[in-house]
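The primary structure of each chain is shown beneath.
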Amino acid sequence: MPLVAGVDSSTQSCKIVIRDAETGTLVRSGSAPHPDGTEVHPDAWWSALEAAAADAGGLDDVEGIAVGGQQHGMVCLEESGDVVRPALLWNDTRSAGAAAALVDELGRDVWAEETGSVPVASFTVTKLRWLAEHEPASAARTAAVCLPHDWLTWRLSGARGLDTLVTDRSDASGTGYWSPADGGYRTDLLARACGRTDVVLPRVLGPADVAGRTPAGAALGPGCGDNAGAALGLSAGPGDVVVSIGTSGVVSAVAAAPTADPSGLVAGFADATGRYLPLACTLNAARVLTATARLLGVGVDELSKLALDAPSGAGGLVLVPYLEGERTPDRPGAHGVVHGLTLTTAEPAYLARAAVEGLLCGLADGLDALRDQGVPIERILLVGGGARSEAVRRLAPVVLGRPVLVPEPGEYVADGAARQAAWVLSGGEEPPVWDAAGTVVYDEAADPGVRARYAEVRDLTER
């Protein structure tokens with residue numbers, strides 16, 4: 001029974017699952033936290049991976065490992081392989097001005113056509129522009145740039161040479177200087193960001209290519225971005241849309257053809273199977289629930305109960321949940337706003353309902369954006385920590401306008417990484433087929449009025 005390990009190195013923690021490579025049966029698992037903040041030294045990820053591996057009983061008996069990681073982060077390395085500065089994470093918005101400047105210089109149409117996406121503050125290309133402008137000494141010391149999962153794969157291999165850095169299509173497609181349609185780096189766009197073309201970039205591997213081996217001999221998969229990992233872990237195929245409610249809110253679809261949306265609402269990423277993953281992402285997701293619960297002095301379970309006690313539409317009360325700025329739409333300086341407060345709606349239940357509906361309305365806008373790009377939508381899979389809320393599960397079809405499937409709670413990114421590792425071991429043309437987790441279908445009647453009211457006030461936010 002060969003074993004494989006899948007690693008999910010997310011914003012908040014490192015989680016590891018160890019599964020039977022042939023059946024997908026879970027054997028054991030472990031986790032460890034990451035430090036808070038929007039910039040983190042990569043050494044903290046490595047320490048967490050080691051702690052999570054120990055919590056999972058060690059990795060000495062696994063024959064394959066792959067890493068799914070948070071997308072976009074900027075890891076800068078010196079010639080020696082040492083880290084230049086703490087990595088800027090995807091949710092660090094200090095490069096918003098750089099993103100706007102890059103878009104102005106080339107235009108939205110050009111960026112979408114050349115890279116599949118219009119840069120926002122999350123993308124690595126914007127962080128490199130910020131670095132060049134605000135920390136020129138650090139920029140000058142940078143000999144290589146990679147992504148969080150690339151760096152962890154590199155560390156797992158025990159390598160030190162910059163020429164051994166590797167990545168995969170899914171994460172490369174979120175840099176802003178790699179083309180999903182053409183399958184190659186755009187060094188001219190890299191130069192536009194940082195004024196250099198001599199920076200080493202990781203070699204982009206195919207979905208089941210071997211990235212190297214650990215000192216213990218385990219084969220390393222190429223890894224993937226977290227959203228591509230979740231899609232792989234859920235066995236999502238063309239026509240499936242994954243709505244994930246975690247630190248960020250993500251609406252992504254497995255598609256056979258690349259997309260190029262000049263509006264910037266849809267990022268034209270690649271997936272972890274050789275297909276594509278058009279995606280709309282919001283900065284505000286599960287933490288909208290925790291923030292509202294904190295405001296009301298209740299736990300998230302009680303918040304869910306309160307939300308279900310209020311009427312659909314919350315009596316006209318709307319919470320526009322831009323609590324940390326926003327990425328979709330691109331409003332990094334926006335604030336959250338509550339509209340429609342009256343003597344009737346000034347009740348905890350109404351605000352709880354407005355929070356859940358506002359969160360789901362933002363995701364519904366992302367679903368519309370995918371549909372506008374011609375992406376087929378046949379099934380909606382609802383996952384993530386926020387999907388554990390009964391109110392979210394029950395109100396999702398009300399707001400999204402169609403039934404949703406909620407799989408059993410799981411570590412989908414880590415599962416996807418484990419499935420990739422098993423694919424690498426098998427050498428097959430397609431990933432191994434593992435039994436899918438059981439799902440529950442939620443099919444409440446849609447209420448178009450919720451989104452109509454949200455649309456009336458969505459743009460009435462500060463900045």
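Summarised in this report is the structure supplied together with it. (Residues numbered from 1 in each chain as written. Predicted model: local features only at pLDDT ≥ 70, side-chain atom pairs only at ≥ 80, totals over all residues. Heavy atoms only, no water.)

Examining the overall build of the protein chain
Let me state the cut-off plainly: Put simply, DSSP H or I for four residues or longer makes a helix, DSSP E for two residues or longer makes a strand, and each gets a number counted from the N terminus. Our radius of gyration is a C-alpha quantity, and the globule rule it is checked against amounts to 2.2 Å times the number of residues to the power 0.38. Three exposure classes are used, based on accessible area relative to the maximum for each residue type with a 1.4 Å probe and protein chains only: buried under 20%, partly exposed in between, and exposed over 50%. Contacts: residue pairs with any heavy atoms within 4.5 Å of one another. Every accessible area reported is derived by Shrake-Rupley at a probe size of 1.4 Å, with residue values counting cover from the shown protein chains alone. The positive count covers Lys and Arg only, the negative count covers Asp and Glu only, and His and the chain ends enter neither. The atom standing in for a charge is NZ when the residue is Lys, CZ when it is Arg, CG when it is Asp and CD when it is Glu.
The helix and strand inventory of the protein chain stands at 15 helices and 24 strands. Here the C-alpha radius of gyration of the protein chain, 21 Å, is about what a compact globule of 463 residues would show, namely 23 Å. Seen through its C-alpha atoms, the protein chain measures out along the principal axes to roughly 65 × 55 × 40 Å. The buried share of the protein chain, reckoned over its 463 residues, is 58%. Considering only residue pairs separated by 6 or more positions, the protein chain has 72% of its internal contacts joining residues 24 or more positions apart. Surface accessibility of the protein chain: about 17,000 Å² in total, with carbon and sulfur atoms responsible for 50%. One way to put it: in the protein chain the 35 positive side-chain charges average out to a point 2 Å from where the 59 negative ones average out.

Here's the deal with the pattern of salt bridges
Put simply, the rule is: When a carboxyl oxygen of Asp or Glu lies within 4 Å of a side-chain nitrogen of Lys or Arg, that pair is called a salt bridge.
Tallying each qualifying case throughout the model produces 28 salt bridges. For E105, the salt bridge goes to R192, with nearest N and O atoms at 3.1 Å. In this pair, E105 is assigned in helix 2 (residues 96-106) and R192 in helix 8 (residues 187-194), connecting sequence segments 87 residues apart. The class of E105 is partly exposed, set by a relative accessible area of 38%. A salt bridge links E357 to R353; its shortest N-O distance comes to 2.9 Å. Remark: R353 and E357 occur in helix 12 (residues 348-372); sequence separation between them is 4 residues, near one turn of the helix.

Looking at helix 14 (residues 412-426)
Note the cut-off: Here the expected length of a helix is defined as 1.5 Å per residue gap, with one fewer gap than residues.
The end-to-end C-alpha distance of helix 14 is 21 Å, a good match for the 21 Å that 15 residues give at a rise of 1.5 Å each. Of all 15 residues that make up helix 14, 13 are buried, and the element is covered over most of its length. Phi turns positive one or two residues past the end of helix 14, at G427, with a value near 70°.

Some details on the pairing of strand 3 (residues 26-33)
Heads up, the condition is: Only when DSSP finds a minimum of two bridges between them are two strands counted as paired.
Here strand 2 (residues 13-20) runs beside strand 3; their pairing, made up of 7 bridges, is antiparallel. Paired with I16 across the bridge in strand 3 is G30. What sits between the antiparallel neighbours strand 2 and strand 3 is a turn of 5 residues, in which G24 has the positive phi angle 85°.

Considerations on the packing of aromatic side chains
The cut-off we apply is this: Two rings from Phe, Tyr or Trp (for Trp, the six-membered ring) form a pair when their centres sit within 6.5 Å of each other. Planes less than 30 degrees apart are called stacked, planes more than 60 degrees apart edge-to-face, and all others tilted. Only when the NZ of Lys or the CZ of Arg is both within 6 Å of the ring centre and within 35 degrees of the ring normal is a charge said to sit over the ring.
Under the defined criterion, the tally for this structure stands at 3 aromatic pairs. Here the aromatic rings of W45 and W151 are separated by 6.4 Å at their centres, their planes lie at 75°, and the arrangement is edge-to-face. Of this pair, W45 sits in helix 1 (residues 42-55) while W151 sits in helix 6 (residues 148-157), and the two are 106 residues apart along the sequence. Here the two residues W45 and W151 agree in accessibility, since each one is buried. R94 extends its terminal NZ or CZ atom over the ring of W130, reaching a point 5.1 Å from the ring centre. Taking the ring centre of Y276 as reference, the NZ or CZ of R169 above it sits at 5.4 Å.

A closer look at the environment of A52
Counting through the fold element by element, A52 comes out in helix 1. A relative accessible area of 0% places A52 in the buried class. Apart from residues lying up to four places away in sequence, A52 is in contact with C14, I16, G30, S31 and A32.

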